[in-house]
Amino acid sequence: MSYIEDTICALATPPGMGAIGVIRVSGPKAIEIADSIYRAPNPKKKLVDAKGQTLHFGSIVDGENLVDEVLISLFRAPHSYTGENVVEINIHGSTFIQRRMMELLIRKGARSARPGEFTLRAFGNGKMDLSQAEAVGDLIASENEAAHKVAMHQMRGGVRQEVAKLREELINFASLIELELDFAEEDVEFADRTALETLLNTITSTVNRLISSFSLGNAIVEGIPVAIVGAPNAGKSTLLNALLKEERAIVSDIEGTTRDTVEDEIHLGGLTFRFIDTAGLREAQDEIERIGIERSYAKIDQAKVVLYLFDASKAEASSEAERIQKIKDRAGDKPVIVIANKVDALRSADELAAFPTTDLQLSAKHHKGIQELEEHLLSTVEIERLQESDTVITNTRHYEALLRTQEDVERIQNGLNTGISGDLLAFDIRQALAHLGEITGEITTDDLLGNIFANFCIGK
Ligand code: GDP
């Protein structure tokens, strides 16, 4: 591939002012190019003579002009992120210095890197497989603890190991069966059919496990959509505000955080819960009356968890039970948390006893019971399953490749049962291998790589 010949450079930190910025240079000439603009405190010291994995303090100069004082990390191929010679220059984070540095490097022979090109090189040089390269992007994009954990596990080879092992054993069978084809006249069986069946069962169970992890993976990455539904004036907006306020209070308690909380999202137990159609909650009452039920149903359909809220101080038990049932029918398998609100306005606790099907009683207005609701919300997601070592599929591309593998394996199993010919069997096994190989990148196309890496930021 041609990209190995040139040397690329990019600002790896976000552009704009900051205490420091990092410029990354990778390629066969990375060290020479950096050396041509570097002055060590001891002028005899050159980067080109330096060992790999070393740090160097010094100046960057453009001719006689001093551009910046810097710290340079130097890596020699193949012991670097990309597998090539890599220099990372820690500069002072001024936009002017960032621009000057890039201009200088380009003038000295480097080329501006395309999005994800460093990681693409790492993949091309066998430093990581495709699933790991994709996890680098996921890690950078991770916004909560669970997403971070899953991306970290994948980056360290979680998906690769699962898939590579299955592929390896399947390759063995493919070769044995293809060998049989060479001896077609002698009617021999090198590939033990029973062992193949056992392997297919193992593949099926691994593939099924990975496929079913996708729904959790999706929830982790995208946030878990929650619908708050109930009659007008039940206290839905008040409850949402109470939940969001709790979130803001927690965030602003963390010293030094200036991060804006995303409106209508809360973070619990390392997961993000996203409240859908919150604008609808704030609309004028008559508008809600008019479109209430359809809107509630549409929200339930989009949600993964439903909060159904009613005003306990006004509700009537029998009609409430009927509404709750309707909501639950619509929700199907989705958890519905039934909440009696405004318990502060009840005259006696006995009044609540009339609503046996409630999961929680709270007062949104007085922030009573919010924590219990949060705990309840969290318990609806099977997050306790998520261990550091669990492989969770978060990537749609992997998910689709796994679905196709599942079909292939079924076809092979059927073929074995009906005793299809060796060449057809070999063909089906090759298909399964190709689909598994798509995940790790053993089988790729330029288009696919282009698509994946175009979503990366420049400098990664
Ligand atoms: P929504 O139409 O379901 O969004 O209801 P709102 O959140 O706008 O609340 C309707 C009214 O009920 C407002 O006047 C709230 O202050 C009041 N309200 C909400 N929660 C409580 C509560 O826990 N106790 C009491 N007493 N009033 C509440």
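See above for the structure.
Before going into details, it helps to say that this report is about the structure given with it. Residue indices follow the written sequence of each chain, beginning from 1 at its first position. Restriction of local features to residues with pLDDT of at least 70 applies here, the model being predicted, together with a cutoff of 80 or more for giving and counting side-chain atom pairs; totals for whole chains, interfaces and linings are based on all residues. Working from all heavy atoms in the structure, the side-chain values ignore hydrogens and water.

### Focus on the sheet that holds strand E1 (residues 8-11)
Link 1 in the chain: A pair of strands is labelled paired if DSSP reports no fewer than 2 bridges between them. Secondary structure is summarised from DSSP: a helix means a run of H or I of at least four residues, a strand means a run of E of at least two, and numbering begins at the N terminus for each. What the seven strands build is an open sheet, ordered E3-E4-E5-E6-E2-E1-E7; its pairing is mixed. Either end of the sheet is taken by a strand with one partner, and the two such strands are strand E3 (38-39) and strand E7 (111-112).
Link 2 in the chain: Along the sheet, helix H3 (residues 117-124) contacts E1, strand E2 (18-26) and E7; its crossing angle with E1, the most-contacted strand, is approximately 135°. For this analysis, residues touch if any pair of their heavy atoms sits within 4.5 Å. Geometry is summarised by axes, namely lines fitted to C-alpha atoms with helices restricted to the contacting stretch, and by angles between N-to-C directions that run from 0 to 180 degrees.

### Here's the deal with unusual backbone geometry
Negative phi characterises most residues that are not glycine, and trans characterises most peptide bonds.
Link 1 in the chain: For the peptide bond that leads from Ala77 to Pro78, omega is 0°, which places it in the cis range.
Link 2 in the chain: Turning to its location among the elements, Pro78 is positioned in the loop between strand E5 (65-75) and strand E6 (86-93).
Link 3 in the chain: The phi angle at Gln53 is positive, at roughly 55°, despite the residue not being glycine.
Link 4 in the chain: Position of Gln53 relative to the elements: it lies in the loop between E3 and strand E4 (54-62).
Link 5 in the chain: Burial classes: relative accessible area under 20% of the type maximum marks a residue as buried, over 50% as exposed, and values in between as partly exposed (1.4 Å probe, protein chains only). For Gln53, a relative accessible area of 59% translates into the label exposed.

### Brief notes about the nonpolar core
Link 1 in the chain: One finds Leu239, Phe273, Leu307, Ile339, Leu373 and Leu377 to be the most contacted residues of the largest nonpolar core, which totals 33 residues.
Link 2 in the chain: For this core, the element with the highest residue contribution is helix H8 (residues 236-253), accounting for five residues.
Link 3 in the chain: Counting contributing residues, this core receives three or more from each of domain 2 (133-217 + 392-454) and domain 3 (225-385).
Link 4 in the chain: In contact with Ile339, other than residues within four places in its own chain, are Leu239, Leu307, Tyr308, Leu309, Phe310, Leu360, Leu362 and Leu373.
Link 5 in the chain: If you look at the next biggest cluster of nonpolar residues, it comprises 29 residues, including Leu166, Leu170, Leu402 and Ile429. Only buried Ala, Val, Leu, Ile, Met, Phe, Trp, Tyr and Cys residues count toward a nonpolar core, and they belong to the same one when joined by side-chain atoms within 4.5 Å. Where each domain starts and ends follows an automatic or database-derived domain assignment.

### Comments concerning the pattern of salt bridges
Link 1 in the chain: Any Lys or Arg side-chain nitrogen located within 4 Å of an Asp or Glu carboxyl oxygen qualifies as a salt bridge. Evaluated as defined, the whole model comprises 19 salt bridges.
Link 2 in the chain: Here Asp62 makes a salt bridge to Arg100, at a shortest N to O gap of 3.0 Å. Taken as a pair, Asp62 in strand E4 and Arg100 in helix H2 (residues 95-107) lie far apart in primary sequence, 38 residues in all.
Link 3 in the chain: Linked through salt bridges whose partners overlap, the residues forming this network are Asp6, Glu84, Arg111, Arg114, Glu117 and Arg121.

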